Structure formats: C-alpha cells, structure tokens
Amino acid sequence: MTKNPNGVREFFRKRVVALKRKPQTIPLFVLVIAFLYYSLNLTQISNTTALINGQNMGLTEFVTMLLSVLGLVCFLNAFPHRKKVNIPMLVLMILMVGVLIYCDIYYGGCITRAVTRETNRIDPTGKNIFVTNARNMLNVHKIILIVGLALTALLPVYAPIIRKIKTSIEVEGTGDIAAIDISQE
C-alpha cells in the first residue's frame, strides 16, 4: 500500500480550516499545555512542599491545580460556538491566570527563602535536587501562562490574519456548466 502525498497536505489544510473557524484554539492549546506541564511535574512540587513545609505552600499548590482546571472551563465558556465572546467569563479566566502566576511567584519565593536562610538551610542539590527542579518548573510554568495570556489578548489581532489564509481547493472539471445539455432527459 502506497502513501498518498496529498493526504498530508489535506490533513494540514483541514487543521488550518479549523483554526480559521476557531482561532481561540491557539491560546486554549497553550493553556492546556501549561496545565499538563504543572500536573505532570506535581511530584516535584509535592516533595518540595513536604521538605520545606513553608507557610501556605500546600495551599498555593492546591489553588494552582484548582484554578488551572477552572480557568480552562472559563476559557471554553468565554468563547461559545458561533456566538459573541462572553466578556465576564473572559475576565474571570484572566483573573484566574493572574492568580496562577502569583501562586507560582509566591511558591518560588518560599523555595528561595528556604534555600537562602541562615539557619537550617536546605541544600537543593544531591538528594534534594527536586527543589531545584520545582523552582525551574515553576519558572517555565509562569512563562507558558504569560504566553497564553498574551495569545488571548492578541486574539483580535491575529484572528483576521488567520482567516485570510487561502484554504480552498480547486476542483477539476467544473469548467462550463452552462454548456451541458440536460433537455433530453
């Protein structure tokens, strides 16, 4: 069985058509990546919380997971299918992402205080390497969230540009339809 080279081209054409219809898929995809990135690295965060046991570290971990899911739900409700943008849901989603960024900053500050304090300092190397991994993961998570917010804010700018991409297919044999004689039938 031979592969159809036009099949790959058709696959990407269909994806561009889907993006033309729903350009809000791009920021949604970035926010889903942020959620998955945090969720899949949750062990690093949990181990760091158990080791440092700083004030409200567990709470910020919980709030981050909760608001990540609720932010995705608000994003989906902010852009209903074939309707105008639901502004209150969009504002709520932006506030939730702002709280997520604050939680990442607060948690990173707790890690920094535990690593740099004078007494009972935590060494983030060796068996405690997960502390360094958690700090790095939080920095990447913040960047992904900021990119998601930027893509959401710039949606009115790049949506018309995406809609201008030509995705139509030229069909052969549709030349002169008026010349077909159907009177004998």
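Just so you know, these numbers come straight off a predicted model, no measurement behind them.

Comments concerning helix α4 (residues 57-78)
In step 1: Here α4 contains 22 residues, and its C-alpha end-to-end distance of 30 Å stays within 8% of the 32 Å for a straight helix at 1.5 Å per residue.
In step 2: Regarding α4, the residues found buried are Met57, Thr60, Glu61, Thr64, Leu67, Ser68, Gly71, Leu72, Cys74, Phe75 and Ala78. In a view along the axis of α4, the buried residues occupy a sector of 165°, so they form one face of it.
In step 3: Looking at the buried residues of α4, the elements they touch are α2 (25-40), α3 (42-52), α5 (87-116) and α6 (129-153).

Some details on the packing of aromatic side chains
In step 1: Tallied over the full model, the rule gives 3 aromatic pairs.
In step 2: The lysine or arginine in question, Arg113, covers the ring of Tyr106, its NZ or CZ lying 6.0 Å from the ring centre.

Some details on the side chain of Lys20
In step 1: Along the chain, Lys20 turns up in helix α1 (residues 5-21).
In step 2: Notably, Lys20 is buried but unbridged: the nearest opposite-charge side chain belongs to Glu10, and the N-O separation is 13 Å.
In step 3: From its side chain, Lys20 meets the backbone oxygen of Ile165 in a polar contact 2.8 Å long.
In step 4: Contacts of Lys20, omitting those with residues within four sequence positions, involve Ile162, Arg163, Ile165 and Thr167.

Regarding the nonpolar core
In step 1: Within the largest apolar cluster, 21 residues are counted, with the highest numbers of intra-cluster contacts made by Leu31, Phe75, Phe79, Leu90, Met93, Val97 and Leu145.
In step 2: Elements represented by at least two residues in this core include exactly α2, α4, α5, α6 and α7 (155-163).
In step 3: Top element by residues in this core is α5. It accounts for 6 residues.
In step 4: Core analysis: the second largest hydrophobic core is formed by 15 residues, Val115, Ile122, Ala134 and Met137 among them.

Remarks on α6
In step 1: Helix length check: α6 (25 residues) gives 36 Å between terminal C-alpha atoms against 36 Å at 1.5 Å per residue, within 8%.
In step 2: Along α6, the residues classified as buried are Phe130, Val131, Ala134, Met137, Leu138, His141, Lys142, Ile144, Leu145, Gly148 and Thr152.
In step 3: Those residues of α6 that are buried lie in contact with α2, α3, α4, α5 and α7.

Observations regarding the packing of α3 against α6
In step 1: Between α3 and α6, the least distance of the axes is 8 Å, while the angle of their chain directions is 125°. In this view, α3 runs oblique relative to α6, as classed from their interaxial angle. In the packing of α3 onto α6, the handedness of the crossing is left-handed. Between α3 and α6, the contacting residues are Gln44, Ile45, Asn47, Thr48 and Leu51 on the first element and Phe130, Val131, Asn133, Ala134, Met137 and Leu138 on the second.
In step 2: Considered class by class, the residues forming the contact of α3 with α6 number 7 nonpolar, 4 polar and no charged.

Quick word on the environment of Gln24
In step 1: The residue Gln24 is located in the loop between α1 and α2 in this model.
In step 2: When its relative accessible area of 15% is taken as the criterion, Gln24 is described as buried.
In step 3: It is 8.1 Å that separates the C-alpha atoms of Gln24 and Ala159, two residues lying 135 residues apart in sequence.

How each quantity is defined
- Numbering of residues starts from 1 in each chain and follows the order in which that chain's sequence is written.
- For a predicted model such as this one, the threshold for reporting local features is a pLDDT of at least 70, and the threshold for listing and counting side-chain atom pairs is 80 or more; totals across whole chains, interfaces and linings nevertheless cover every residue.
- Side-chain metrics in this entry use all non-hydrogen atoms of the structure; hydrogen atoms and water are not considered.
- Numbering of helices and strands runs from the N terminus; a helix is a DSSP stretch of H or I covering at least four residues, while a strand is a stretch of E covering at least two.
- By this rule the span expected of a helix is its residue count minus one, scaled by 1.5 Å.
- A simple rule labels every residue: compare its accessible area, found with a 1.4 Å probe on the protein chains alone, to the largest value its type can have, and call it buried under 20%, exposed over 50%, or partly exposed in between.
- By definition, the arc is the one covered by directions from the helix axis to the C-beta atoms.
- Pairs of residues are marked as contacts when any of their non-hydrogen atoms sit within 4.5 Å.
- We call Phe, Tyr and Trp rings a pair once their centres come within 6.5 Å, taking the six-membered ring for Trp, and we label the pair stacked below 30 degrees between planes, edge-to-face above 60, and tilted otherwise.
- In this scheme, the term charge over a ring applies when either NZ of a lysine or CZ of an arginine sits within 6 Å of the ring centre and within 35 degrees of the ring normal.
- By the counting rule applied here, Lys and Arg register as positive and Asp and Glu as negative, while His and the ends of each chain are not counted.
- Salt bridge, as applied in this entry: a Lys or Arg side-chain nitrogen positioned within 4 Å of an Asp or Glu carboxyl oxygen.
- In the analysis that follows, any N or O atom pair within 3.5 Å is treated as a polar contact, provided that within protein one partner can donate a hydrogen and the other can accept it, and provided that, for residues neighboring in sequence, both atoms belong to side chains.
- Joining through side-chain atoms within 4.5 Å is the link that ties buried Ala, Val, Leu, Ile, Met, Phe, Trp, Tyr and Cys residues into a set, and such a set is a nonpolar core.
- All axes are obtained by fitting lines to C-alpha atoms, using only the stretch in contact for helices, and the reported angles, taken between N-to-C directions, cover 0 to 180 degrees.
- We call two directions roughly parallel when the angle between them is under 35 degrees, roughly antiparallel when it is over 145, roughly perpendicular when it lies between 65 and 115, and oblique otherwise.
- Rotating anticlockwise by less than a right angle from the far helix to the near helix defines a left-handed crossing, while the corresponding clockwise rotation defines a right-handed one.
- Polar here means any residue other than Ala, Val, Leu, Ile, Met, Phe, Trp, Tyr, Cys and Pro, which are nonpolar, and Asp, Glu, Lys and Arg, which are charged; Gly is therefore polar.

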